[in-house]
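Residue-level listing of the chains:
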Amino acid sequence: MSRDGITMWLTPFLARPIALIGLCVLLAMVIAAAFAPWLAPYDPYAIHPVSRLMPPDAVHWFGTDQFGRDTLSRAIYSARMALLIGAGVVLFALITGIPIGVFSALFPRLGHVLMRMVDVLMAFPSLLLALGLIVILGPSVANSIIAIGAGYMTTTTRIIYGLALRLRAETYVEASRSMGSGTGWLVVKHILPNLISPLLVQASFVFAFAQLGAASLDFLGLGAPPDIPSWGNMLAESRTFITRAPWLLFFPGMMIVLTAFSLNLVGDALRDRLDPRFRDVFSGEG
Amino acid sequence: MWSYALKRAGATLVTLWAASVIIFAFIHLIPGDPIYVLLGDTATPDQIDRLRHELGLDEPIVVQYLQWAGHALRGDLGQSIFFQAPVTRVIADGAETSILLATMTMVWVVLIGVPIGTIAAVRHGTWLDQGLSGVAMFFASVPTFWVGLYLILIFAATLGWLPSSGYPSIFEGGSGNLRYLLLPSLTLAAPNAALILRLTRASMLDVSREDYVRTARAKGIRPWQVVRRHILRNALLTVVSAFGFTFAALMSEAVVTETVFALPGIGRLVVQSILRRDYPVIQGIILVIVVLYLFINLIVDLAYRFLDPRVELQ
Amino acid sequence: MLSVRDLTVSIGSDAAPVDIVSGVSFDIGKGEILGLVGESGCGKSMTSLAVMGLLPQPGPRIRGGRIELVGADVTTLQPWQRVEAGHGRIAMIFQEPMTSLNPVRRIGDQIAEAVRVHDGLSGAAAWTRARELLEQVRIPDAALQLSAYPHQLSGGQRQRIMIAIALACRPQVLIADEPTTALDVTIQIQILGLLRDLCNRLDMSILFITHDMGVIAQLADRVAVMYGGRIVETADVATLFGEPRHHYTRGLMDCMPVRNLGARRLPTIAGQAPRPGTIRTGCVFAPRCVAAQDVCRTATPPRLALGEGHEALCAFPLDAGRPS
């Protein structure tokens, strides 16, 4: 990426220092996930019946759970699950959304039918859609990604469709002049490059929502298998001990909040710097 | 206006039809023969054949759909395997809790989201605005059940002011039982009020840049009147249109919230039915919620157009 | 009625302010129409908003000078504060009649709102007064139009509504910021006629802002020419058109289509209007001026008194009596 390119992406964060903090928190998450075995002080699976439900102290900074497992280590390892789910859901939404959205905008007749089908999927509240899919597919990490992704694939497709329609109208003249070069060229040259920054905004929001969706599935016992460290699983287990061991409730929850909050900050900052023509497709999403 | 309403209602019906096909397909997509799923592994071949015929599963799939849809239109959503009772009855039993919970939540959402969003917009750019917007973003980033568990920890377990779980009907225990729904409704309201707050603030800022707001100021009316009569009123049009979206979010989060507070509502019923493999109930609840959601979207859309006089001519 | 002295409006930080209006002074007498003319971006709209107390916040602010309305200092007061303090009455109409009315409220409500503030009337009495005002601005079927919404009216009618709202404030001074720019020519003539007529009948003063010298010639009693945030020449309308002394004024005149009938190309003033803050020394017009000398680029030009109410901000003014 050229120097100008880097400056362009950094300006939204320089203009708003708090968004820069968000970016740093996300970076910390990535580092935690990548270097979990080195960063975590203990084995996240190691059971120590002697030191069950220990409050935070110098040995166990975040305390221990009902099996004596170190909460800090589990929280660090959970970052892997969080990133996996977030990236998975974003990829799922983009891989399905970009072709459907762009295709529908370019070929209005079939596109109209396709978008009506997307509308039908939007008639299902997201978690309900996810639960239905989990019933069909069975609970697992991969299926969590598909189940949550299905809900955000619809909004993402709608956004891409709206943007592509506008871009098509703008480059219409140019396109008809260069009829010979065809639709593929139009997509590669005019539509996809212009989708990058709005989709980055959408990706941050979807990533944030995916954290909350995955946490809900884990909490209901329908997400990742219970022995896998994830913030949602940790919270689900903490429920029984909330008065005896409130730290089990606090730390994993804070990790989810920190992640989602940072992503929302970053998304907001990027959105505010977006070309005004593209900004209004995000209204109504908060 | 009326022709638009009819057109919009027609589109809703088409969507509903398509959604019903998906919901119908749901049971058939569950791995394994639905009969085994319904009867379990211990069924005899005789039982299986009988049930297959009773349910019409030996008919072509299109006939099966038409039979199912026909029954659904008459209010028959099949039999619950777990309860051995009509699904409609099972859902109706949970409806009181869920409807009251949703209503209380919406009251909180409006009472919290709109006024605080207004204050943030009026004090735009000050530390108060930044603080309120920050709090709103915090609650938009919090898992619903985490808020719920904290409310239980503070107000139920520690202070003992409010019950932490369950809900006895108000028809049996009087309206005092609404206190059982206080913490759940606040839990459910938190992310949605945050959303409405952010939306109110954003659309008020948009409106306040309009030329007609400057005209209103030029008239010499007080700033607060400008806000109330011109900015807030026009901004609320946008906020109203977001209520359909809010309803969907509320339905999703109700599933988790009702589970946290062990409320006998439809949301927890979904989760329990999944664990009990009571598929007809899951199917029935999804259908009911989709119908409700589409209906609410229709109403919100028509209300929006009714409130905006500009649409009349279009 | 209205007296503006050394008005300076700035944007940017307090440490490094950029003046978009600098040292503007003018007076408007009772029943007089002052035309404020200049290209877009010359600061004329900012001047009018500052005078009205409607500068957008956050944004430009008054950094210096004094605005007096019927003898009272109103420099820092917003319209509602002026009403509350009982100072002289001032009202404004804007360039965009299409967006200046609230789309979701009835015409009658929007006029009655101003009536309530300024006449203390309420309910039916306010609506009766609103109807009178609509008749005053010659809207047919006034009673019927009260319950119409803005989108049901044409641009010209909406501008009449805007005038009615302004009149509801019983103004002694009316500011009209390019009120006819967005309208068709025939409607434009009607609105100008209406303003002239109201000015005479109500003995109202008008500050009329425009970029159109033709409109100025029709309507104004006196003219102030604005360029780069400064008033560069002031004179009564006959003097200004007959004997412009500032080179910029002269340039504007030469560009008027009516003076170039039959010409193949309209003359233009070479160059572009300066962006605020780009010219810090000397005369703002020097880079485009045909008569500019070295001194023009280094020294602030003097404000020359050239006759009864005739001033020009120029070191080397055009000769008096030179035919234009």
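Since this is a predicted model, take the numbers as computed values, not measurements.

Residue and element names in this part refer to chain A. Mapped onto the fold, Ile21 is located in helix α2 (residues 17-34). Looking at Ile21, the relative accessible area reads 53%, which means it is exposed. Sequence separation of Ile21 and Val59 is 38 residues, and the distance between their C-alpha atoms is 29 Å.

All names here are of chain C. Overall, mixed pairing links the 8 strands, which are arranged β6-β7-β8-β3-β9-β10-β12-β11 in an open sheet. Each edge of the open sheet carries a strand with a single partner, namely β6 (90-93) and β11 (303-307). Pairs of neighbouring strands in the sheet enclose a mean axial angle of 20°, with direction left out of account. Here strand β3 (residues 33-37) runs beside strand β8 (residues 205-210); their pairing, made up of 5 bridges, is parallel. Each bridged residue has a counterpart across the sheet, and for Leu34 the counterpart in β8 is Leu207.

Quick look at the nonpolar core now. Core analysis: the largest hydrophobic core is formed by 133 residues, its most contacted members being Leu131 and Trp231 of chain A. Excluding anything up to four places from it in sequence, Trp231 of chain A contacts Met29, Ala75, Ser78, Ala79, Ala82, Gln211, Pro252, Met255, Ile256 and Thr259 of chain A. Val24, Ala50, Val51 and Val215 of chain C belong to the second largest nonpolar core, which has 99 residues in total.

With that out of the way, let us pick up the environment of Asp65 of chain A. All names here are of chain A. Its location among the elements puts Asp65 in the loop between α3 (36-39) and α4 (71-106). On the basis of relative accessible area, Asp65 is assigned to the buried category, the value being 4%. Leaving out residues up to four positions away in the same chain, Asp65 has contacts with Arg52, Leu53, Thr71, Arg74, Glu237 and Leu248.

Quick look at helix α3 (residues 107-119) of chain C now. For α3 of chain C, which comprises 13 residues, the first-to-last C-alpha distance of 18 Å matches the rise-based estimate of 18 Å (1.5 Å per residue) to within 8%. Along α3 of chain C, the residues that are buried comprise Ile107, Gly108, Asp109, Gln110, Ile111, Ala112, Glu113, Ala114 and Val115 of chain C. Contact partners of the buried residues in α3 of chain C: α11 (223-241) of chain B together with α4 (123-136), α5 (142-145) and α6 (155-168) of chain C. Directly after α3 of chain C, the chain includes Gly120 of chain C, whose backbone phi takes a positive value near 65°.

Turning next to the packing of aromatic side chains. Evaluated as defined, the whole model comprises 16 aromatic pairs over all chains. Measuring from centroid to centroid gives 5.0 Å for Phe103 of chain A and Phe107 of chain A, while their planes differ by 40°, and the two rings are tilted. We classify Phe103 of chain A as partly exposed; its relative accessible area is 33%. Looking at Phe107 of chain A, the relative accessible area reads 39%, which means it is partly exposed. Ring geometry for Tyr248 of chain C versus Phe285 of chain C: centroids 5.2 Å apart, planes at 65°, classification edge-to-face. One end of the pair, Tyr248 of chain C, is in helix α10 (residues 247-254); the other, Phe285 of chain C, is in the loop between α10 and α11 (294-298), and 37 residues separate them in sequence. Three or more aromatic residues joined by ring pairs make a cluster, and in this case those are Phe24, Tyr65 and Trp68 of chain B. Cation over ring: Arg276 of chain B sits above Phe82 of chain B, and NZ or CZ is 3.9 Å from the ring centre.

The subject of this paragraph is the side chain of Asn234 of chain B. Counting through the fold element by element, Asn234 of chain B comes out in helix α11. Look at Asn234 of chain B and you get buried, because its relative accessible area is 6%. Beyond its immediate chain neighbours, meaning those up to four positions away, Asn234 of chain B contacts Val207, Tyr212 and Arg229 of chain B together with Asn102, Pro103 and Val104 of chain C.

Before going further, it helps to examine the pattern of salt bridges. Summed over all chains, the structure comprises 31 salt bridges over all chains. With a closest N to O distance of 2.9 Å, Asp119 of chain A and Arg158 of chain A form a salt bridge. One end of the pair, Asp119 of chain A, is in helix α5 (residues 108-122); the other, Arg158 of chain A, is in helix α7 (residues 141-170), and 39 residues separate them in sequence. Glu178 of chain C is the partner of Lys44 of chain C in a salt bridge, and the nearest nitrogen-oxygen pair spans 3.4 Å. Of this pair, Lys44 of chain C sits in helix α1 (residues 44-52) while Glu178 of chain C sits in the loop between β7 (173-177) and α7 (185-202); the two residues are 134 residues apart in sequence, bridging distant segments of the chain. By sharing partners, the salt bridges in this structure join Lys219 and Arg229 of chain B together with Arg105 and Glu113 of chain C into a single network.

A cluster of acidic residues, Asp46, Asp49, Asp58 and Glu59 of chain B, forms a negative patch on the protein surface. Among the structural elements, Asp58 of chain B can be located in the loop between α3 (45-54) and α4 (61-73).

What follows is about the interface of chain A and chain B. Every contact between the two is made by 41 residues of chain A and, on the other side, 46 residues of chain B. Summing the contributions of chain A and of chain B, the shared interface buries around 3,900 Å²; its carbon and sulfur component is 80%. For Asp268 of chain A, the salt bridge identified is with Arg198 of chain B, shortest N-O distance 3.4 Å. The interface formed by chain A and chain B includes 8 residue pairs in polar contact (both at pLDDT 80 or more). The leading source of residues in the side of chain A that touches chain B is helix α11 (residues 246-272) of chain A, at 13 residues. By residue class, the composition of the side of chain A that touches chain B is 27 nonpolar, 8 polar and 6 charged.

Below, the discussion takes up the domain arrangement of chain C. Residue and element names in this part refer to chain C. Under the domain assignment, chain C is made up of domain 1 (2-89 + 174-259 + 269-313) and domain 2 (100-170). The C-alpha-based centres of domain 1 and domain 2 are spaced at 29 Å. At the interface, 15 residues of domain 1 touch 14 residues of domain 2. At the boundary of domain 1 with domain 2, total buried surface from both sides reaches about 1,200 Å², with 68% on carbon and sulfur atoms. Counting every contact that joins domain 1 to domain 2 gives 1 salt bridge. Arg138 is the salt-bridge partner of Asp197, the closest N and O atoms lying 2.7 Å from each other.

Residue and element names in this part refer to chain C. Their axes nearest at 8 Å, the elements α3 and α4 cross at an angle of 110°. What the angle tells us is that α3 and α4 run roughly perpendicular. The crossing of α3 and α4 is right-handed. Listed contacts from α4 to Gly108, Asp109, Ile111, Ala112, Val115, Arg116 and Asp119 of α3 are Ala126, Trp127, Arg129, Ala130, Leu133 and Leu134. Looking at the contact of α3 with α4 residue by residue, the class counts come to 8 nonpolar, 1 polar and 4 charged.

Here we come to the state of the cysteines. Residue and element names in this part refer to chain C. Within this structure, the stated rule accounts for 0 disulfides over all chains. Here Cys199 stays unpaired: no disulfide links it, and the sulfur of Cys169, its closest cysteine neighbor, is 17 Å away. A residue is classified by how much of its surface remains accessible, and Cys199, at 1% relative accessible area, is buried. Of all cysteine sulfurs, the one in Cys314 lies closest to Cys289, which takes part in no disulfide; the gap is 6.1 Å.

On to the packing of α11 of chain B against helix α14 (residues 279-307) of chain B. Two quantities define a packed helix pair, namely the angle between the helix axes and the distance between the axes. Residue and element names in this part refer to chain B. Interhelical geometry of α11 versus α14 gives an angle of 165° and a closest axis separation of 9 Å. As the angle between them shows, α11 and α14 are arranged roughly antiparallel. When you trace α11 past α14, the crossing you get is left-handed. From α11, Leu237, Thr238, Val240 and Ser241 reach across to α14, where they touch Val300, Tyr304 and Leu307. In terms of residue class, the contact of α11 with α14 is built from 5 nonpolar, 2 polar and no charged.

With respect to the helices and strands, Ala130 of chain C occurs in helix α4. Excluding residues that lie within four positions of it along the chain, Ala130 of chain C makes contacts with Gly108, Ile111, Ala112 and Leu146 of chain C.

Parameters at a glance
Residues numbered from 1 in each chain as written. Chains lettered and ligands numbered in written order. Predicted model: local features only at pLDDT ≥ 70, side-chain atom pairs only at ≥ 80, totals over all residues. Heavy atoms only, no water. Helix = DSSP H or I, 4+ residues; strand = E, 2+ residues; numbered from the N terminus. Buried < 20%, exposed > 50% of the residue type's maximum accessible area, 1.4 Å probe, protein only. Pairing = 2+ DSSP bridges. Axes fitted to C-alpha atoms, helices over the stretch in contact; angles between N-to-C directions. Core = buried A, V, L, I, M, F, W, Y, C linked by side-chain atoms within 4.5 Å. Contact = heavy atoms within 4.5 Å. Expected span 1.5 Å × (residues − 1). Phe/Tyr/Trp six-rings, centres within 6.5 Å; stacked < 30°, edge-to-face > 60°. Lys NZ or Arg CZ within 6 Å of the ring centre and 35° of its normal. Salt bridge = Lys/Arg side-chain N within 4 Å of Asp/Glu carboxyl O. Patch = residues over 30% accessible without salt bridge, like charges linked within 9 Å, V, L, I, M, F, W, Y side chains within 5 Å. Areas by Shrake-Rupley, 256 points an atom, 1.4 Å probe, with all protein chains shown as cover. Lys, Arg positive; Asp, Glu negative; His and termini not counted. Charge placed at Lys NZ, Arg CZ, Asp CG, Glu CD. Buried area = accessible area lost by both parts, 1.4 Å probe. Polar contact = N/O pair within 3.5 Å; in protein donor to acceptor, adjacent residues only side chain to side chain. Nonpolar A, V, L, I, M, F, W, Y, C, P; charged D, E, K, R; others polar. Domains from an automatic or database assignment. Parallel < 35°, antiparallel > 145°, perpendicular 65-115°, else oblique. Left-handed = near helix turned anticlockwise from the far one by under 90°. Disulfide = S-S within 2.5 Å.

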